Amino acid sequence: MPELPEVETVMRGLDGHLTGRRIVRAILRRADIRWPVPPELPRVLTGATVKGFRRRGKFMLMQLDNGWSVLIHLGMSGRMLLDKPEATHEHLTIETEDGGRVGFVDPRRFGTLDLVRTVDEDSHKLLAGMGPEPLGNEFSGAYLAAAVEGRSAPIKAVLLDQRVVAGIGNIYANEALFRAGILPTRAAGKISRPRLEMLAQAVRATLIEAISAGGSSLRDYVQPSGELGYFQNAWKVYGRTGEPCERCPGPPACMGIRQITQSGRSTFYCPKTQR
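Calculation rules
- Residues numbered from 1 in each chain as written.
- Predicted model: local features only at pLDDT ≥ 70, side-chain atom pairs only at ≥ 80, totals over all residues.
- Heavy atoms only, no water.
- 1 Å grid on protein atoms, 1.4 Å probe; cavity = no way out; pocket = protein on both sides within 12 Å on 5 of 7 lines; lining within 4 Å.
- Points joined across faces, edges and corners; volume = space filled by probe spheres on them.
- Helix = DSSP H or I, 4+ residues; strand = E, 2+ residues; numbered from the N terminus.
- Nonpolar A, V, L, I, M, F, W, Y, C, P; charged D, E, K, R; others polar.
- Polar contact = N/O pair within 3.5 Å; in protein donor to acceptor, adjacent residues only side chain to side chain.
- Contact = heavy atoms within 4.5 Å.
- Axes fitted to C-alpha atoms, helices over the stretch in contact; angles between N-to-C directions.
- Parallel < 35°, antiparallel > 145°, perpendicular 65-115°, else oblique.
- Left-handed = near helix turned anticlockwise from the far one by under 90°.
- Pairing = 2+ DSSP bridges.

Draft legend 1. A look at empty space enclosed by the protein. Going through the model one piece at a time under the given rule, you end up with one cavity of 30 Å³ or more. Volume-wise, the largest cavity comes out at about 40 Å³. Going through the elements one at a time, β4 (68-73) and β6 (90-96) are the ones with two or more residues in the lining of the largest cavity. Looking at side-chain class alone, the lining of the largest cavity contains eight nonpolar, no polar and no charged residues.

Have a look at this one:
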């Protein structure tokens with residue numbers, strides 16, 4: 001499933017393509033994707049001008065000049081394709097007055113399309129209760145220290161909890177913990193304040209680098225232009241089971257990157273350099 005860097009990349013592509021443009025036609029081809037799609041969506045879109053975009057966690061919000069926002073979640077296989085011919089499994093098509101075209105394609109139908117009044121975005125049932133954005137000023141070592149106080153849950157599970165911090169998924173939790181030198185299984189409440197500050201900085205740096213690389217292309221994800229992201233080429237631990245850790249001095253001291261399962265998700269770490 002696309003995580004924050006992939007969603008941010010897609011949102012930026014849509015922003016450059018749609019913001020300031022008037023929608024002249026919207027075609028909805030399914031009444032439901034993961035959940036029912038508001039039947040009035042084409043009517044709300046048609047004739048509206050796109051004012052801008054906002055990302056909240058792994059969700060995108062396309063804000064219109066008529067007071068409505070379209071909430072978009074890509075799910076596991078969703079794509080937003082710009083100026084491409086109609087694709088198989090294209091559930092929503094948007095056409096603009098200057099001839100532009102955007103298609104929402106989702107073969108596995110785990111994505112989401114919904115309408116919400118722009119002023120009520122943060123109270124939408126899928127957004128309410130989310131933690132701070134990891135790239136925002138509210139997210140810091142001090143915030144993490146307060147959030148994990150007294151908690152015995154593994155630190156990786158805490159990072160994946162959208163109520164604690166919005167948008168971090170499995171790939172970037174693994175990568176940030178490696179960068180900070182923290183063991184993913186470490187009890188969150190047992191981590192010192194200075195190390196939590198390092199973790200907050202590692203999360204921010206990892207996400208910024210991933211966004212600059214266009215995200216990580218894994219299975220279905222592509223940028224709106226159709227190009228692949230390439231941050232997967234910079235992964236330090238994710239998917240690298242048995243490979244040497246770049247921080248270790250090499251064999252025989254290097255134990256190799258290990259893989260375990262936590263709450264049904266694969267965790268990758270270096271047993272030598274993470275503690």
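Resuming the write-up.
Draft legend 2. Looking closely at the side chain of T267. Within the secondary structure, T267 is located in strand β10 (residues 265-269). Reaching out from T267, the side chain makes a polar contact with the side chain of Q262 at a distance of 2.6 Å. With near-sequence residues (within four places) excluded, T267 lies in contact with K156, N174, P184, R258, Q259, I260 and Q262.

Draft legend 3. Molecular detail of the packing of helix α3 (residues 141-148) against helix α6 (residues 193-212). Across the interface, α3 lies against α6 with an axial gap of 8 Å and an inter-helix angle of 120°. By the angle between their directions, the pair α3 and α6 is classed as oblique. α3 and α6 meet at a crossing whose hand is right-handed. The segment α3 lies against α6, with G141, A142, L144, A145 and V148 engaging R193, L196, E197, L199 and A200.

Draft legend 4. Quick peek at the sheet that holds strand β3 (residues 59-64). Spatially, the four strands line up as an open sheet ordered β2-β3-β4-β8, and their pairing is antiparallel. Across the chains shown, the open sheet's two edge strands, defined by having one partner strand only, are β2 (50-56) and β8 (112-117). With strand direction ignored, the average angle separating the axes of adjacent strands in the sheet is 25°. For β3 and β4, the ladder comprises four bridges, and the chain directions are antiparallel. Bridging from a neighbouring strand, M60 pairs with I72 of β4.

Draft legend 5. Region of the structure containing the packing of helix α1 (residues 4-18) against α6. Viewed as axis vectors pointing N to C, α1 and α6 meet at an angle of 40°, and their least axial separation amounts to 9 Å. Comparing the axis directions of α1 and α6 gives the class oblique. Considering only the axes of α1 and α6, their crossing is right-handed. Where α1 approaches α6, its residues L4, P5, E8, T9 and R12 are matched on the opposing element by L207, A210 and I211. Its residues assigned to classes, the contact of α1 with α6 comprises five nonpolar, one polar and two charged.

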